[in-house]
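Architecture at a glance
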Amino acid sequence: MLRVTGRVLVGPDEVLDEIWSVDGRIVYDRPPGADRAQTVRGWVLPGLVDAHCHVGLDRHGPVDAATAEKQALTDREAGTLLIRDAGSPSDTRWIDDREELPKIIRAGRHIARTRRYIRNYAHEIEPGDLVAYVAREARRGDGWVKLVGDWIDREAGDLAACWPRGEVEAAIAQAHRLGARVTAHCFAEESLRDLVEAGIDCVEHATGLTEETIPLFAERGVAIVPTLVNIATFPEMAAGGEAKFPRWSAHMRRLHARRYDTVRAAYDAGIPVYVGTDAGGSLPHGLVAGEVAELVKAGIPPLDALAATTWQARRWLGRSGLDEGAPADLVVYDEDPRADVRVLAAPRHVVLNGRVIGT
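Residues numbered from 1 in each chain as written. Predicted model: local features only at pLDDT ≥ 70, side-chain atom pairs only at ≥ 80, totals over all residues. Heavy atoms only, no water.

**What to know about the packing of helix 2 (residues 130–140) against helix 3 (residues 165–177)**
As a reminder, the rule being used: Axes here mean lines fitted to C-alpha atoms, for a helix over just the part in contact, with angles spanning 0 to 180 degrees between N-to-C directions. Each helix is a run of H or I in the DSSP string that is no shorter than four residues. Each strand is a run of E no shorter than two, and both are numbered from the N terminus. Throughout, the term roughly parallel applies to angles under 35 degrees, roughly antiparallel to angles over 145, roughly perpendicular to angles from 65 to 115, and oblique to all others. Each crossing gets its handedness from the near helix: less than a right angle anticlockwise from the far helix is left-handed, clockwise is right-handed. Here, two residues are considered to be in contact whenever any of their heavy atoms come within 4.5 Å of each other. Under the grouping applied here, Gly and all other residues not named as nonpolar or charged are polar, the nonpolar ones being Ala, Val, Leu, Ile, Met, Phe, Trp, Tyr, Cys and Pro and the charged ones Asp, Glu, Lys and Arg.
As a packed pair, helix 2 and helix 3 sit with axes 8 Å apart at the nearest point and diverge in direction by 25°. Judged by the inter-axis angle, helix 2 sits roughly parallel to helix 3. Crossing hand, helix 2 versus helix 3: right-handed. Of helix 3, the residues touching helix 2 (which contributes Leu130, Val131, Val134 and Ala135) are Glu167, Val168, Ala170, Ala171, Gln174 and Ala175. Here the contact of helix 2 with helix 3 is built from residues that sort into 8 nonpolar, 1 polar and 1 charged.

Structure below.
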């Protein structure tokens with residue numbers, strides 16, 4: 001049994017003095033035997049959400065179970081207790097049986113155009129097979145499918161859309177029939193209108209949003225996960241490819257230069273924005289606090305940036321927060337994270353399934 005006391009942030013404006021964990025579940029009323037409970041004290045949030053993370057993947061492709069476990073533990077130590085795994089070639093179902101590891105919502109394996117994505121990451125297929133592969137990954141995942149919406153086209157020497165409009169419409173419709181939502185990796189401008197009008201549910205990165213497509217996203221309620229800690233690497237990527245693909249390099253630099261303006265314009269238009277780090281490819285795990293700080297730097301109010309990794313993010317993914325009867329997954333801090341989101345970088349305690357395991 002665990003007593004959690006101090007300031008328990010059940011919602012942005014809903015604060016309790018204490019909650020309890022009994023058999024790994026949250027209860028609001030003082031339970032029998034409470035005098036024997038372990039106590040943790042501080043400012044309490046629901047376990048943080050990383051809505052774009054890759055457990056079981058590194059820059060070269062799938063990793064072994066020991067490496068995947070280390071990735072998950074790194075996220076846990078940072079307070080990330082719920083992950084939307086936005087594409088992984090590894091089977092990480094074994095993590096579901098480990099109560100000390102974060103909970104994962106999987107999107108199956110990336111689906112990309114042939115030779116139009118990072119080697120060893122994705123199913124690489126042609127448009128005629130898109131519907132079948134989306135159906136396969138919808139059944140394999142946990143309610144999400146991940147497409148690669150654009151990537152560098154070597155003949156054009158720049159970012160280009162991967163899928164014709166008709167095929168992506170049919171694929172998204174198939175995913176929805178199977179009860180799955182669809183998201184897509186998109187850096188550039190070109191693919192966004194077709195994907196949104198085809199019924200996509202979310203776009204990752206979304207650096208190519210413009211004055212023309214932002215209202216469309218807002219009207220359709222399409223969410224974005226900006227992954228600004230990943231977008232920070234664009235200049236390095238551009239420098240590495242400049243000799244071979246100068247158009248692409250210049251494009252990547254332009255997308256990077258306007259990244260904060262793009263995110264703020266999306267937020268101002270009412271587009272749902274969520275926290276994701278893109279950890280597990282070229283980036284290390286455990287960056288969730290840095291991504292929240294980046295959203296604030298882009299101009300999103302601190303409380304809304306905090307909600308994008310806590311209350312609002314959990315609701316979007318269909319998971320509970322600090323609700324009575326929910327799993328006792330929470331993070332405890334020394335100071336109020338609503339006043340300064342940088343507090344997220346230093347959790348005092350991490351509690352997963354009612355067990356104090358952390359930091």
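**Some thoughts on the sheet that holds strand 5 (residues 48–53)**
Stated precisely, the cut-off is as follows: If DSSP finds at least two bridges between two strands, the strands pair.
Reading across from one edge, 5-8-9 is the order of the 3 strands in this open sheet, with parallel pairing throughout. Among the strands making up the open sheet, the edge pair consists of strand 5 and strand 9 (103–106). The mean inter-strand angle of the sheet, taken between neighbouring strand axes irrespective of direction, is 20°. Strand direction decides the pairing type here: strand 8 (residues 80–85) and strand 9, joined by 4 bridges, are parallel.

**Focus: the state of the cysteines**
The line we're drawing: Count a disulfide wherever a pair of cysteine sulfur atoms falls within 2.5 Å.
Tallied over the entire structure, the rule returns 0 disulfides. You can see cysteine 162 has no disulfide; the closest cysteine sulfur is in cysteine 186, sitting 8.4 Å from it.

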